[in-house]
Amino acid sequence: MHILLLDALLKGPATERAPSPDEAAVADLARALGTRARARLGRSLAIREVDAGSCNACELEIHALGNPVYDVERFGLKFVASPRHADVLLVTGAVSWNMREGLERTYAATPDPKWVVAAGDCAAGCGVYSESHACAGAVAKIVPVDLVIPGCPPTPTDLLKGLLALVEGATRSPR
Amino acid sequence: MITLNERGADTDPVALADAIRAALQVRADGFARIEADTALWIGLARGCAAGWQDLGALWIDDHHVRMALWDARENCRAIVSLTLKAGAYPSVGLHHAPALRLERAMRDLYGAIPEGIPDERRWLDHGVWPGREHEPGYHFLAVDGNGLHQIPVGPVHAGIIEPGHFRFTANGETVARLEARLGYVHKGVEALAQGAPVEKAARLAARMSGDSTVAYSFAFSHAVEAALGWDVPPRGQILRGVMAELERLSHHVGDVGGICNDAAVAALLARCSLIREDILRTQDALFGHRMMMDAVVPGGVVRDIDASGAAAILALLERIETGFHRVIRAYDQSPSLQNRTHGTGIAEPDFIRQFAAGGFVGRAGGRAFDARRAFAYPPYNAVAFKVPTREESDVDARIWIRIEEIAESAAIIRQLLGRLEDGPIRAAPPPFQPGAGAALVEAFRGDLFVAVRIEDEGRIAHMHARDASWFQWPLLETAIKGNIVADFPLCNKSFNCSYSGVDL
Ligand code: SF4
């Protein structure tokens, strides 16, 4: 392990500069959630990820958010193990009927105030499975959605921009 | 198509090999097509149980139940079809356990009844499909004994991971039994593909299991090309191989990091995820998508690389090797880490053979099967590489197989890039005509099989895909037995089975 330590000391950090949040989304979100959010949240969000019928590529990119290049925790964004600890549900997938109850119960288990982010084209309702008899389609058909991050899968940068918009939107005053 | 009938339940491997060889000449995809009668069907199911050949897939299509079989030693492969009688057929799972979940899934999707199946429970159907609702409930197999308790986990897990339900029966810390229930991400892929034009089905195939997107596109394309007699130009073949190996590299590196993280060594995850990010960015720059989704298509590939692209890949390989070398040394020199991986999660070699488990799960337990070698398809028919195997079959052995395969993949990519001659990367489609094709390719987690049937105007009449995970999930259940509950994440990650790929 000492090899890695030395290596880390000699090289600079791998972390990239932050992208700026998606401005349009910030404005929308500030309007939608400003007052109910500000008092409660501060500038950090605990995120519970829920796969509600994805192909697993969205999960891989969400995982990548944690790597040293994106280092999502430096923004106060933290993935948590239980919906009971979460402010945000980050939902992927075309909500298979077999996962609908799982999603509903996870939503119910998340304390207020809470936000739902639908990540990926499937979650947005326009992915390859949208016409399937085995899927409900968009996440918004099952639980209320505050923000949609499109992409198949969305890149870590897309995800980061969206999540930063959520932090900003939730903490900035509504206009 | 040949018909076999006279032979009964005593069908032996030599007879199978002869029959297949006789039929081989007529098929472009290397699979013999055999129409079976009931006796032959049962004989072949018993033959699988006896280890004469491997069961590769089992699916329902066009009022037939079909089973893919292969025998790597005899270099033969076949797709055996049996006509359903009143919607039923003799159960293969009755004789050969690996068929059980496949048969349960097919009954849920197509209503085909496997007569005599010893496990009547539904698999994909959880009782909530609109118009088909029934009492949900699911009976896990009973476990009796003093001091046993159950731990239900999932479908929503604690990590960023696909959904599934795991029912642990434990005695204190020690797992007495694990039973998995899957199907939560069933998305109806086969039904969606039905009637779809080839391009749309290709997009679906690329999303069967997102982590194996290149491998699925590769297999789907091969199957379609075999069905239509569509030749892929050499440059397209080589680029496919480069992409497939890059995909293998990215996941092997990522998983080694993930396993170490589950043993509480986060520094190695950070290292590996940096290397992985480097690979994804190179893929994005060269092939237009971080995971190369939709980059491999029937007829070839969609993007070419120039000399600077090839140089970028070679430079990437060097960075991977330097970075990963440090990871290997750190892994090798950390007793606390090795303590968690050695002797943990041993998959029984007997089960590995019975289930014909592929990929690193099989190879870590002595089964040397690799579709790139066993039934070499372009471009692997012209590259040299080793198929590493180990005997220990534990988490550590699965890690070492990944480590060795990373070196092999790098060597394969270098050979392929060295053979990259000028030319087109994709061929125009031949006139569409009805046909059927199948393909077996090696994804990062093991062999994956795709069969397609095409009808007029290039529409898909049927598409079936069988992920390596079908035959690895049951082994995970046995591998955790006798381990402590806390070692489950390690075992699970070292298998890294796909949920999406088996939930279809
Ligand atoms: S949006 Fe794309 S990557 Fe994400 S789950 Fe759907 S198909 Fe997979």
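Computed from a predicted structure; not experimentally measured. (Residues numbered from 1 in each chain as written. Chains lettered and ligands numbered in written order. Predicted model: local features only at pLDDT ≥ 70, side-chain atom pairs only at ≥ 80, totals over all residues. Heavy atoms only, no water.)

Q: What should I look at first to understand the overall build of chain A in this one?
A: Counting secondary structure elements, chain A contains six helices and five strands. Put simply, chain A has 175 residues, and 58% of those count as buried. When contacts within chain A are restricted to residue pairs at least 6 apart in sequence, those whose partners lie at least 24 apart make up 86%. (Helix = DSSP H or I, 4+ residues; strand = E, 2+ residues; numbered from the N terminus. Buried < 20%, exposed > 50% of the residue type's maximum accessible area, 1.4 Å probe, protein only. Contact = heavy atoms within 4.5 Å.)

Q: Would you take a moment to explain the sheet that holds strand 14 (residues 446–455) of chain B for this structure?
A: All names here are of chain B. Ordered in space as 13-14-15, the three strands form an open sheet in which the pairing is antiparallel. Taken across any chain shown, the strands that pair with only one partner, and hence form the sheet edges, are strand 13 (435–443) and strand 15 (459–466). Here the strands of the sheet are splayed against their neighbours by 15° on average, with no regard to which way each runs. Of the strand pairs in this sheet, strand 13 and strand 14 are connected by nine bridges, and their pairing is antiparallel. The residue bridging G437 from the neighbouring strand is V452, located in strand 14. (Pairing = 2+ DSSP bridges. Axes fitted to C-alpha atoms, helices over the stretch in contact; angles between N-to-C directions.)

Q: Got a minute to help me understand the site of the ligand in this structure?
A: The immediate surroundings of the ligand are formed by S54, C55, A57, C58, G120, D121, C122, G151, C152 and P153 of chain A together with R207 of chain B. Listing elements by their share of the shell around the ligand, those giving two or more residues are helix 3 (57–64) and helix 5 (121–124) of chain A. Classifying every residue of the shell around the ligand gives six nonpolar, three polar and two charged. (Near = heavy atom within 4 Å. Nonpolar A, V, L, I, M, F, W, Y, C, P; charged D, E, K, R; others polar.)

Q: Sorry if this is basic, but what is going on with the packing of aromatic side chains here?
A: Each aromatic ring pair is summarised here by two numbers: the centre-to-centre distance and the angle between the ring planes. Residue and element names in this part refer to chain B. Counted under the stated rule, the structure contains 15 aromatic pairs over all chains. Ring geometry for W41 and Y89: centres 6.2 Å apart, planes at 85°, overall edge-to-face. Taken together, the positions of W41 in helix 2 (residues 38–49) and Y89 in strand 6 (residues 88–90) put the pair 48 residues apart, joining distant regions of the chain. One exposure class covers both W41 and Y89, and it is buried. Both rings, one in W59 and one in F449, keep their centres 5.4 Å apart while their planes meet at 50°; by these two values the pair is tilted. Within this pair, whereas W59 is found in strand 3 (residues 54–61), its partner F449 is found in strand 14, the two being separated by 390 residues in sequence. The exposure classification of W59 matches that of F449, with both residues buried. These aromatic residues form a ring-pair network of at least three members: F166, F168, W473, F488 and Y499. (Phe/Tyr/Trp six-rings, centres within 6.5 Å; stacked < 30°, edge-to-face > 60°.)

Q: Could you clarify how one ought to interpret the environment of E133 of chain B in this entry?
A: All names here are of chain B. Secondary-structure assignment places E133 in the loop between strand 7 (113–115) and strand 8 (148–153). Not counting residues within four places of it along the chain, the set of residues in contact with E133 comprises G127 and V128. Of the polar contacts made by the side chain of E133, one reaches the backbone nitrogen of G131; its length is 3.0 Å. (Polar contact = N/O pair within 3.5 Å; in protein donor to acceptor, adjacent residues only side chain to side chain.)

Q: What is the right way to look at helix 1 (residues 2–10) of chain A in this model?
A: Counting along an α-helix, one turn takes 3.6 residues, and residues three or four places apart therefore face a common direction. For helix 1 of chain A, the full list of buried residues reads I3, L4 and D7 of chain A. Mapping the buried residues of helix 1 of chain A onto a view down its axis gives an arc of 95°, with all of them on the same face. Turned more than 90 degrees off the buried face of helix 1 of chain A, the exposed positions are H2, L5, L6 and L9 of chain A. Taken together, the buried residues of helix 1 of chain A touch helix 8 (266–287) and helix 9 (307–332) of chain B. (Arc of directions from axis to C-beta.)

Q: So what exactly am I meant to see when it comes to the packing of helix 7 (residues 234–262) of chain B against helix 8 of chain B here?
A: Each packed pair of helices is defined by two parameters, the angle between the axes and the distance between the axes. All names here are of chain B. In contact at an axis separation of 7 Å, helix 7 and helix 8 are set at 160° when each is read in the N-to-C sense. One finds that helix 7 runs roughly antiparallel with respect to helix 8. Our pair here, helix 7 against helix 8, has a crossing hand that is left-handed. For the contact of helix 7 with helix 8, a count of residues per class yields 14 nonpolar, seven polar and two charged. (Parallel < 35°, antiparallel > 145°, perpendicular 65-115°, else oblique. Left-handed = near helix turned anticlockwise from the far one by under 90°.)

Q: How do you make sense of the packing of helix 5 (residues 198–205) of chain B against helix 6 (residues 213–228) of chain B when you look at a structure like this?
A: All names here are of chain B. Direction vectors running N to C along helix 5 and helix 6 enclose 150°, while the axes themselves pass 8 Å from each other. Seen along the crossing, helix 5 lies across helix 6 with a hand that is right-handed. Across the interface between the two elements, V198, A201, A202 and A205 from helix 5 touch Y216, F220 and V224 from helix 6.

Q: Honestly, the confidence of the model for chain B in this entry has me stumped. Any pointers?
A: Predicted coordinates in areas of low pLDDT are best not read in detail. Residues and elements named next belong to chain B. Looking at chain B, pLDDT values average 93 and 95% of them are 70 or higher. Between residues 1–9, whose pLDDT stays under 50, and residues either more than four places distant or in other chains, the model counts 24 contacts. Taken over the whole predicted complex, pTM reads 0.94, whereas the ipTM for its chain interfaces reads 0.94. (pLDDT = per-residue confidence, 0-100.)

Q: Looking at this structure, I do not really get the environment of G120 of chain A. What am I missing?
A: Among the secondary structure elements, G120 of chain A is positioned in the loop between strand 4 (115–119) and helix 5. As for G120 of chain A and H2 of chain A, which are separated by 118 residues in sequence, their C-alpha atoms are 40 Å apart.

Q: Got a minute to help me understand the interface of chain B and chain A in this structure?
A: Interface size is commonly expressed as the accessible surface area that is lost when the partners come together. Taken together, the contact between chain B and chain A spans 53 residues of the former and 48 residues of the latter. Inspection of the chain B/chain A interface yields three salt bridges. If you look at where chain B meets chain A, you find 23 residue pairs in polar contact (both at pLDDT 80 or more). If you list the elements that add at least two residues to the side of chain B that touches chain A, you get helix 4 (189–193), helix 5, helix 8 and helix 9 of chain B. Residues belonging to the side of chain B that touches chain A are distributed by class as follows: 25 nonpolar, 15 polar and 13 charged. (Salt bridge = Lys/Arg side-chain N within 4 Å of Asp/Glu carboxyl O.)

Q: What is the right way to look at the nonpolar core in this model?
A: Nonpolar side chains in soluble globular proteins generally cluster together in the buried interior. Counting residues in each nonpolar core, the largest one holds 183 residues, and the members touching the most others are F220 and F449 of chain B. Ranked by the residues each element gives to this core, the list is headed by helix 14 (residues 395–418) of chain B, at twelve residues. Formed by 25 residues, the second largest nonpolar core is a distinct cluster that contains V88, L147, L159 and V167 of chain A. (Core = buried A, V, L, I, M, F, W, Y, C linked by side-chain atoms within 4.5 Å.)

Q: Which parts of the structure should I look at to understand unusual backbone geometry?
A: When glycine is set aside, most residues are seen to have a negative phi, and most peptide bonds are trans. Residue and element names in this part refer to chain B. Cis geometry is adopted by the peptide bond preceding P155, which originates at G154 and carries an omega value of 15°. Of note in this structure, S393 is not a glycine but carries a positive phi near 65°. Within the element layout of this structure, S393 appears in the loop between helix 13 (371–374) and helix 14.

Q: Please explain empty space enclosed by the protein as it appears in this structure.
A: It is the rolling of a water-molecule-sized probe over the atoms that shows where space remains empty. Within the structure shown, the criterion is met by three cavities of 30 Å³ or more. Space inside the largest cavity adds up to approximately 90 Å³. Together, 14 residues line the largest cavity, and C55, C58, C122, C152 and P153 of chain A are the ones closest to its centre. For the lining of the largest cavity, the secondary-structure elements that each account for two or more residues are helix 3 and helix 5 of chain A. A class-by-class count of the residues in the lining of the largest cavity yields eight nonpolar, four polar and two charged. Here the second largest cavity is characterised by a volume of approximately 60 Å³. Surrounding the second largest cavity, G210, D211, T213, E247, S250, H251, R276, L280, Q283, M291 and M292 of chain B form its lining. Of all the secondary structure elements, the ones that give two or more residues to the lining of the second largest cavity are helix 7 and helix 8 of chain B. Partitioned by chemical class, the residues of the lining of the second largest cavity number three nonpolar, five polar and three charged. (1 Å grid on protein atoms, 1.4 Å probe; cavity = no way out; pocket = protein on both sides within 12 Å on 5 of 7 lines; lining within 4 Å. Points joined across faces, edges and corners; volume = space filled by probe spheres on them.)

Q: Help me understand the pattern of salt bridges, please; the structure alone is not making it clear to me.
A: When their charged atoms lie close together, side chains carrying opposite charge are able to pair. Residues and elements named next belong to chain B. Scanning the model with the defined rule gives 39 salt bridges over all chains in all. The closest approach of N and O atoms between R122 and D125, which form a salt bridge, is 3.4 Å. The partner of R353 in a salt bridge is D350, and the shortest N-O contact between them spans 2.7 Å. Here R353 pairs with D350, and both are found in helix 11 (residues 349–354), just three residues apart, close to one helical turn. Through salt bridges with shared partners, a single ionic network connects E245, R248, R363, D370, R372, E405 and E442.

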